Amino acid sequence: QQQVKQSPQSLIVQKGGISIINCAYENTAFDYFPWYQQFPGKGPALLIAIRPDVSEKKEGRFTISFNKSAKQFSLHIMDSQPGDSATYFCAASLTGANNLFFGTGTRLTVIP
Amino acid sequence: GAGVSQTPSNKVTEKGKYVELRCDPISGHTALYWYRQSLGQGPEFLIYFQGTGAADDSGLPNDRFFAVRPEGSVSTLKIQRTERGDSAMYLCASSLAPATGGNSYTFGSGTRLTVV
């Protein structure tokens, strides 16, 4: 059973455009929602994370939007660049748990 | 070291053989995690160490999988009687304290295991 559902599976965006990746979860006890970026042959690297007490968090070109009532959260990449081309994973965890539950990933390609 | 180091980066083995995958966490990180990432999927939790002890091994798929961390630093994931379905990227991560909804992991680059 997939704890975190992610879409789309792949995404192609023009340079300068906005990339949007969506995730949904079922467990209302989740209280930490990170996004990871993974380049081929590398491990995932933390990009940005949010807790459910805020609806939005912005770091540079990356923004997480969080909708607690809908149990959804999304990653927005503004002014997308070719260097952003990677696979992005959303994840969720809860205080007291020992692991993260990852989505299935979105392969982003930014075309120059 | 500066990051989480995993060796080997690639391992090809024959079905039925035994393999060991090594993880060297960031110095001082007491928490260590193993995840498995199948092609086109997100990482899935296998086991978590706090210090030398396996605090949570609920993600290990069966008794062919075992992991140790005898001195609280380097960890080895051991797979017996490998099967083709074990082919995946095995990721190790470490953190300063248990990453329970707060602290972030630092992942290594993984070991790509292929069972032929």
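In case you missed it, the structure is sitting above this.
These lines cover the structure that appears in this document, whether it is placed above or below. Just so we're clear, the structure is a prediction, and the values are computed from it rather than from any experiment. (Residues numbered from 1 in each chain as written. Chains lettered and ligands numbered in written order. Predicted model: local features only at pLDDT ≥ 70, side-chain atom pairs only at ≥ 80, totals over all residues. Heavy atoms only, no water.)

**Digging into the pairing of strand 9 (residues 88-95) of chain B**
Residue and element names in this part refer to chain B. Within strand 9, eight of the eight residues are buried, which leaves the element mostly enclosed by the surrounding structure. Neither face of strand 9 is exposed, since Ala88, Tyr90, Cys92 and Ser94 on one face and Met89, Leu91, Ala93 and Ser95 on the opposite face are all buried. Of the strand pairs in this sheet, strand 4 (residues 31-37) and strand 9 are connected by seven bridges, and their pairing is antiparallel. For glutamine 37, the partnering residue across the bridge sits in strand 9 and is methionine 89. Relative to strand 11 (residues 111-115), strand 9 is paired through three bridges, and the arrangement is antiparallel. Bridge assignment links tyrosine 90 to a residue of strand 11, and that residue is threonine 111. Pairing between strand 9 and strand 10 (residues 106-107): two bridges, direction antiparallel. Along strand 10, the bridge assignment pairs alanine 93 with phenylalanine 107. (Buried < 20%, exposed > 50% of the residue type's maximum accessible area, 1.4 Å probe, protein only. Helix = DSSP H or I, 4+ residues; strand = E, 2+ residues; numbered from the N terminus. Pairing = 2+ DSSP bridges.)

**A look at unusual backbone geometry**
The omega torsion of the bond from serine 7 of chain A to proline 8 of chain A falls at -5°, within 30 degrees of zero and hence cis. Along the chain, proline 8 of chain A turns up in the loop between strand 1 (4-7) and strand 2 (10-14). At the junction of threonine 7 of chain B and proline 8 of chain B, the peptide bond is cis and its omega measures out at -10° in the coordinates. With phi around 45°, arginine 81 of chain B is a residue other than glycine that occupies positive phi space. Relative to the elements of secondary structure, arginine 81 of chain B occurs in the loop between strand 8 (75-79) and strand 9.

**Quick word on the interface of chain A and chain B**
Each partner contributes residues to the interface: chain A has 22 residues there, and chain B has 20 residues. Across the interface of chain A and chain B, roughly 1600 Å² is buried in total on both sides, 52% from carbon and sulfur atoms. When the buried surface of chain A facing chain B is broken down by residue, Pro44, Asn98 and Phe102 of chain A rank first, second and third, together holding 32% of it. Here chain A and chain B share zero salt bridges between them. (Contact = heavy atoms within 4.5 Å. Buried area = accessible area lost by both parts, 1.4 Å probe. Salt bridge = Lys/Arg side-chain N within 4 Å of Asp/Glu carboxyl O.)

**What about the pattern of salt bridges?**
Scanning the entire structure with this criterion turns up six salt bridges over all chains. A salt bridge links glutamate 59 of chain A to lysine 57 of chain A; its shortest N-O distance comes to 3.7 Å. Salt-bridge contacts for arginine 64 of chain B lead to glutamate 83 of chain B; the nearest nitrogen and oxygen are separated by 3.6 Å. Placement of arginine 64 of chain B in the loop between strand 6 (53-56) and strand 7 (65-68) and of glutamate 83 of chain B in the loop between strand 8 and strand 9 is noted, with a sequence separation of 19 residues between them. The buried category is assigned to arginine 64 of chain B, whose relative accessible area is 7%. Salt bridges sharing partners connect three or more residues here, namely Arg64, Glu83 and Asp86 of chain B.

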